[in-house]
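So the chains spell out like this:
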Amino acid sequence: MLKNQHAVKGMRWSKQELVEALAAENGRDIFKKADLLREAVCGDEVHRRGLIEFSNYCARNCHYCGLRRDNSKLTRYRMSEDEIVESAQNAKKLGYRTVVLQSGEDGGFTTDALCRTVEKIKQKTNLAITLSVGEKTKNEFRRLKSTGSDRYLMRFETSNRGLYERLRPGASLDTRLENLKVLRELGYQVGSGCMIGLPGQTLEDLADDLLLMEKMDLDMVGVGPFIPHPETPLKNSPRGDLKLTLKFVALVRLVTRNTHIPATTALGSIHPFGRQMALERGANVLMPNVTPEKYRKFYEIYPNKICITEKPSDCAGCVGSMIHSLGRKIAKGYGHSLKQRREA
Ligand code: SF4
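Residues numbered from 1 in each chain as written. Predicted model: local features only at pLDDT ≥ 70, side-chain atom pairs only at ≥ 80, totals over all residues. Heavy atoms only, no water.

This brings us to the packing of helix H5 (residues 111–125) against helix H6 (residues 138–146). It is at 9 Å that the axes of H5 and H6 come closest, and there the two elements cross at 20°. One finds that H5 runs roughly parallel with respect to H6. Handedness of the H5/H6 crossing: right-handed. Taken together, the residues of H6 that come into contact with H5 (itself represented by Thr111, Asp112, Leu114, Cys115 and Val118) are Glu140, Arg143 and Leu144. Tallied by class, the residues present in the contact of H5 with H6 amount to 4 nonpolar, 1 polar and 3 charged. (Axes fitted to C-alpha atoms, helices over the stretch in contact; angles between N-to-C directions. Helix = DSSP H or I, 4+ residues; strand = E, 2+ residues; numbered from the N terminus. Parallel < 35°, antiparallel > 145°, perpendicular 65-115°, else oblique. Left-handed = near helix turned anticlockwise from the far one by under 90°. Contact = heavy atoms within 4.5 Å. Nonpolar A, V, L, I, M, F, W, Y, C, P; charged D, E, K, R; others polar.)

Here is the structure:
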């Protein structure tokens, strides 16, 4: 529920202002404003979305990702439908109200299988369901919606067309944006986002990313630093910068205003307090992992990812303590879009 409707309507940022804010030596001013705006539009509650990484197969070959098709060193796994449903039931026991089903673009886990899985999770748990399984046809998106999916995450990664097409061979930014438009038309709550510090990315590109997020009127925005994976073509590129990523998170709040913004695991992986810092700079969501322990270490999008040896219950304890240590509260509701205000 929005505490302060006035806070939702704010100033529009120009591209130049965004570039200057990203370039500023000190982000304190935007950090403070982002935290105040978060408090006004989201309150003190932090939503927990239980993440189930159900398959690490991927048909694509993105240059920045450890799950890429050509990474032959990765042990591949695909959870069964029953295992996914069981993980969702576990998420419910841990008190979460949403599960996020995430995978690479895995043709081996068919849309039929995913529809059945979504339907079973809905029947047995009534949790909100977010999908993050890549590009599909409109018909497939429609079927997944009709079986009970509520939300869909699909990052555009960068709004720089040339960079996008270089880093995602065979993929097109236009197709990506068209997919996101279709998801919106079908009534999903839509999440997108980008990566900070991609090789060749400029501050102007990041400002364009923010303006695109504003234009798309997203419900959720996730961002994380680029972290080079040793089995990818970008293995020798420098990692995305922590401070720049935090400034970007703050600007996501200030530009998109009433969106759900996760403090991402990638931020927690480059700094022990990365997620806490994001929560104090505009973020209002955490995504504790509920993937069974035996699979976690194989969902290696980037190296040195945190939470790969913990049990789901360990992650629940950790995020609960994190929320309380910041003087915030664990959200009890589903955490649906702040724009539609469909909170149960
Ligand atoms: S970023 Fe996504 S689509 Fe690209 S290789 Fe990784 S899992 Fe596949």
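Leu101, Met213 and Phe248 are the most contacted members of the largest nonpolar core, which has 101 residues in total. Top contributing element to this core by residue count: helix H10 (residues 242–256), with 10 residues. Excluding anything up to four places from it in sequence, Leu101 contacts Ile52, Phe54, Ile84, Leu114, Val118, Ile121, Ile129, Thr130, Leu131, Ser132 and Val133. (Core = buried A, V, L, I, M, F, W, Y, C linked by side-chain atoms within 4.5 Å. Buried < 20%, exposed > 50% of the residue type's maximum accessible area, 1.4 Å probe, protein only.)

Near the ligand the following residues occur: Cys58, Arg60, Cys62, Tyr64, Cys65, Leu67, Arg68, Gly104 and Arg168. In terms of residue class, the shell around the ligand is built from 5 nonpolar, 1 polar and 3 charged. (Near = heavy atom within 4 Å.)

With that settled, the discussion passes to the pattern of salt bridges. Following the criterion strictly, the structure yields 24 salt bridges and no others. When salt bridges with common partners are traced through the structure, they connect Arg60, Glu105, Glu135 and Arg176 into a single cluster. (Salt bridge = Lys/Arg side-chain N within 4 Å of Asp/Glu carboxyl O.)

Confidence in the prediction for the protein chain averages 95 pLDDT; 96% of positions are at 70 or higher. Across residues 1–6, where pLDDT falls below 50, the model places 11 contacts with residues more than four positions away in sequence or in other chains. (pLDDT = per-residue confidence, 0-100.)

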